[in-house]
Structures are given as C-alpha cells and as structure tokens.
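Residues per chain are reported as follows:
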Amino acid sequence: MKKVNYLGQKSLSVFLRYLVNFLWYSQLIIVGLILIKFLANLFSPENTFSWPVSFVAKVQEDIVSQNPNILGSKIQVAEGTLLFDTMNDWHANAMMLLGVLIIAAPFLAITFQVRKILKSFISNDPFLKSNLRRIRLIGIMLMLYPIVLYIFGIGYSNYLNSNFGEYDFVNNMDFWPLFFGLFTLVISEVFRLGIEYREDNNLTI
Amino acid sequence: MPIVVNLDVMMAKRKMSLNRLSEEVGITLSNLSILKQGKARAVRFSTLELLCKALDCQPGDILEYRPDS
C-alpha cells in the first residue's frame, strides 16, 4: 500500500489547503453579502434584521414586541428567528452590524491562520515560530469564542425577556470549541518543543 | 555560555584558512562560522575528530571551559 504524504507537495496538506481555501472564499462572500444586505437595509423602508432565537415554545403565533420603541420587531416562532426592526435608527443598525462582525471575525481569523499554517506544511517547513504564534492564537480564539457568545447570549436573553415577555429563552454554551481550544493550546506547546529541537539540530555542527 | 571555541586560535597557529579547513573537514563554511563565533549548541564527536585531525591538535585545544564571572 502506498504511503500517504502528509507534508510537502502532492500531500494531504495540499488537499486540505484546497478545502480551507474554499471555506475562506465562501466566508468572504457570505460576509460580503451580509454587508451588502446591511447597506441595502439602511436605505430600505423595512430596515429589518433576522437573528436566531432559541426558546421553549409555548405559543404557536409570532410574538410581537411589547416595547413601543421597537414596535415592528417580532419573534417568528416557526422560523425560530427574531425579526428586528431598527426603525432606521443608525445606532441600532450599527449594533446589528457589530453583532454580525463579532460572530464572523473569529471564523475568518481562524481560517486565515489555518491557510498560512498549511502553506508552511506544503513547503515542508512546519516548525516555524510564526506557526507557533498562529496555533496559539487559534487556540485562544476557539477557547474565547463560546465564552463571548455565552455572555452575548445572556444580554440577548435579557433583552428578549424585557421586550417580548418571559418565554424561557435558551442560552447554552457550546463546550466543543472550548475543548478544542484547550487541546490546540497543548498542541502549540508540542510545536514549541519541535521548534526547539529543530534549532538544536541546526546548531549542532 | 562558559564553553569557548578557540578554533580561530588553532587555525592561526596552523596558518590554515577557513576555506581550507572547510574543504579538509567537509563542513560548510556557514557551519564553521557558527562554530567559530561560539553560536553552536553542540559539536558531534565525529566533527571534533575531523577538526582535531585537520588541525593536528587535541579537543582541549579547540574547546575551553571558562566559568561565567
């Protein structure tokens, strides 16, 4: 059976790089489309955004906002989304955009770093200090992401409770990214050792 | 590091250039330069043997221990 090459040209890394490149450009297109939608919304009379909502359903009909400031907003029970009407308020629009960017930024950053790491794998030179920094960064981002989302979710649930009534809005923390983040940080230490060994090897005459 | 490489001293004593030493020992000039500048982390016994042979000296003539002050 032919041995699989993991590093270098014609290796698994090249295949993985194609996948990650596809993911990277897809993400850019999605973020671009969101930004276009955001800009289009600014000039549209409807001016609404959709956000996912999880709650223990007790009602069948859409839940309309009780707050007179966001009268056009409603929770669409069937779709599981909050249709938020910014009422052409630029503060609300900016907050919506910020929310989208907070959610998208770590995905973009992680994919970008993985692309760079794979590039060094393809050139058969994995033990670089820049790779160590990238792997640590990925680990930290993976670890922080569910925590940030959870904190964001607490605020979001409170916001929904105060504006739409008590509907047992669900805010769960996803532990998998946290686990993978910790694991990646441990792997980064293995990388640090690898870099050290390589340096020792290079400086052994 | 308290280990000092006196390669340049021995080369001067034997009137041997870096290029000639590199050719005789079979070590690249850049590696010899690393060794001469004291940047090397380790020296293989095989390399030391070749250096001693080329310079007609003992390992102690090339390597010296000087405690940090």
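Residues numbered from 1 in each chain as written. Chains lettered and ligands numbered in written order. Predicted model: local features only at pLDDT ≥ 70, side-chain atom pairs only at ≥ 80, totals over all residues.

> I would appreciate a short explanation of the overall build of chain B in the present structure.
Per the secondary structure count, chain B includes five helices and two strands. Ordered by position from N to C terminus, the α and β elements of chain B give β-α-α-α-α-α-β. In terms of overall dimensions, chain B is globule-like: its C-alpha atoms have a radius of gyration of 11 Å, near the 11 Å expected for 69 residues. Per-residue burial for chain B yields a buried fraction of 16% across its 69 residues. (Helix = DSSP H or I, 4+ residues; strand = E, 2+ residues; numbered from the N terminus. Rg over C-alpha atoms; globule rule 2.2 N^0.38 Å. Buried ≥ 20, exposed ≤ 12 C-beta atoms within 10 Å, placed from the backbone.)

> Explain the confidence of the model for chain A here, please?
Low-pLDDT portions of the prediction should not be read for the details of their coordinates. Summing up the model confidence of chain A, the mean pLDDT is 86 and the portion of residues at 70 or higher is 97%. Here strand E1 (residues 48-52) of chain A is the element of chain A with the lowest mean pLDDT, 78, and helix H4 (residues 175-202) of chain A is the one with the highest, 93. (pLDDT = per-residue confidence, 0-100.)

> Looking at this structure, I do not really get the interface of chain A and chain B. What am I missing?
Many analyses report the size of an interface as the accessible area lost when the parts associate. With four residues of chain A in contact, the opposing surface of chain B contributes 11 residues. By residue class, the composition of the side of chain A that touches chain B is two nonpolar, one polar and one charged. (Contact = placed C-beta atoms within 7 Å. Nonpolar A, V, L, I, M, F, W, Y, C, P; charged D, E, K, R; others polar.)

> Which parts of the structure should I look at to understand the confidence of the model for chain B?
Residue-level pLDDT values for chain B average 90, and 100% of them are 70 or greater. Among the scores for the predicted complex, ipTM is 0.82 and pTM is 0.78.

> When you look at the sheet that holds E1 of chain A in this model, what are you seeing that I'm missing?
Strands belonging to one sheet form pairs held by backbone hydrogen bonds; the direction of such a pair is parallel or antiparallel. Residues and elements named next belong to chain A. Pairing is antiparallel across the open sheet formed by four strands, whose spatial order is E1-E4-E3-E2. A single partner strand is all that each edge strand has here, and the edge strands are E1 and strand E2 (63-64). As defined by bridge partners, strand E3 (residues 74-76) adjoins strand E4 (residues 81-85) across three bridges and the pair is classed as antiparallel. Across the sheet, residue Gln 76 finds its bridge partner in E4, namely Thr 81. (Pairing = 2+ DSSP bridges.)

> Would you take a moment to explain the nonpolar core for this structure?
The nonpolar side chains of a soluble globular protein tend to be buried with one another. Membership of the largest hydrophobic core is limited to 12 residues, which are Ile 205 of chain A together with Val 5, Leu 7, Met 10, Met 11, Leu 21, Leu 32, Leu 35, Ala 40, Leu 51, Ala 54 and Ile 62 of chain B. Residue assignment for this core shows that the elements contributing at least two residues are helix H1 (7-13), helix H3 (29-36) and helix H4 (45-55) of chain B. Ranked by residues supplied to this core, first place goes to H1 of chain B with three residues. Counting nine residues, the second largest nonpolar core, distinct from the first, contains Val 20, Ile 117, Leu 118 and Phe 191 of chain A. (Core = buried A, V, L, I, M, F, W, Y, C linked by C-beta atoms within 7 Å.)

> Which parts of the structure should I look at to understand unusual backbone geometry?
With the exception of glycine, the majority of residues adopt a negative phi angle, and the majority of peptide bonds are in the trans configuration. Of note, Lys 10 of chain A is a non-glycine position whose phi angle comes to about 50 degrees, a positive value. Relative to the helices and strands, Lys 10 of chain A resides in the segment before helix H1 (12-42). On the basis of neighbour count, Lys 10 of chain A is assigned to the exposed category, with 9 C-beta atoms found within 10 Å. Of note, the phi angle at Lys 15 of chain B is positive, near 55 degrees, even though the residue is not glycine. By secondary structure assignment, the location of Lys 15 of chain B is in the loop between H1 and helix H2 (18-25).

> Would you mind showing me how to read the pairing of E4 of chain A here?
When a strand is regular, its side chains alternate between the sheet's two faces. Residue and element names in this part refer to chain A. Because side chains alternate across E4, one face comprises the buried residues Leu 82 and Phe 84, and the other comprises Thr 81, Leu 83 and Asp 85, none of which is buried. The pairing of E1 with E4 spans five bridges and is classified as antiparallel. Looking across to E4, one finds that Trp 51 is bridged to Leu 82. Between the antiparallel neighbours E3 and E4 lie four residues, among them Gly 80 with a positive phi of about 70 degrees.

> For this particular structure, what's the right way to read the environment of Ser 46 of chain B?
All names here are of chain B. Considering the arrangement of structural elements, one finds Ser 46 in helix H4. Using a count of 8 C-beta atoms within 10 Å as the deciding quantity, one classes Ser 46 as exposed. Taking the C-alpha atoms as reference points, Ser 46 and Met 16, separated by 30 residues in sequence, lie 20 Å from one another.

> Help me understand the packing of H1 of chain A against helix H2 (residues 90-122) of chain A in this model?
Packed helices, taken two at a time, are described by the angle between their axes plus the distance between the axes. Residue and element names in this part refer to chain A. Following both chains from N to C, one finds H1 and H2 inclined at 160 degrees, their axes separated by 9 Å at the closest point. Here H1 is positioned roughly antiparallel relative to H2, judged by the angle of their axes. Of the two elements, H1 crosses H2, and the hand of that crossing is left-handed. Partitioning the contact of H1 with H2 into residue classes produces 19 nonpolar, five polar and two charged. (Axes fitted to C-alpha atoms, helices over the stretch in contact; angles between N-to-C directions. Parallel < 35°, antiparallel > 145°, perpendicular 65-115°, else oblique. Left-handed = near helix turned anticlockwise from the far one by under 90°.)

> Quick question: what am I supposed to make of the packing of helix H3 (residues 129-164) of chain A against H4 of chain A here?
Residue and element names in this part refer to chain A. One way to put it is that H3 packs onto H4 with a least axis distance of 7 Å and a crossing angle of 165 degrees. What the angle tells us is that H3 and H4 run roughly antiparallel. The chirality of how H3 crosses H4 is left-handed. Across the contact of H3 with H4, the residue classes break down as 17 nonpolar, five polar and three charged.

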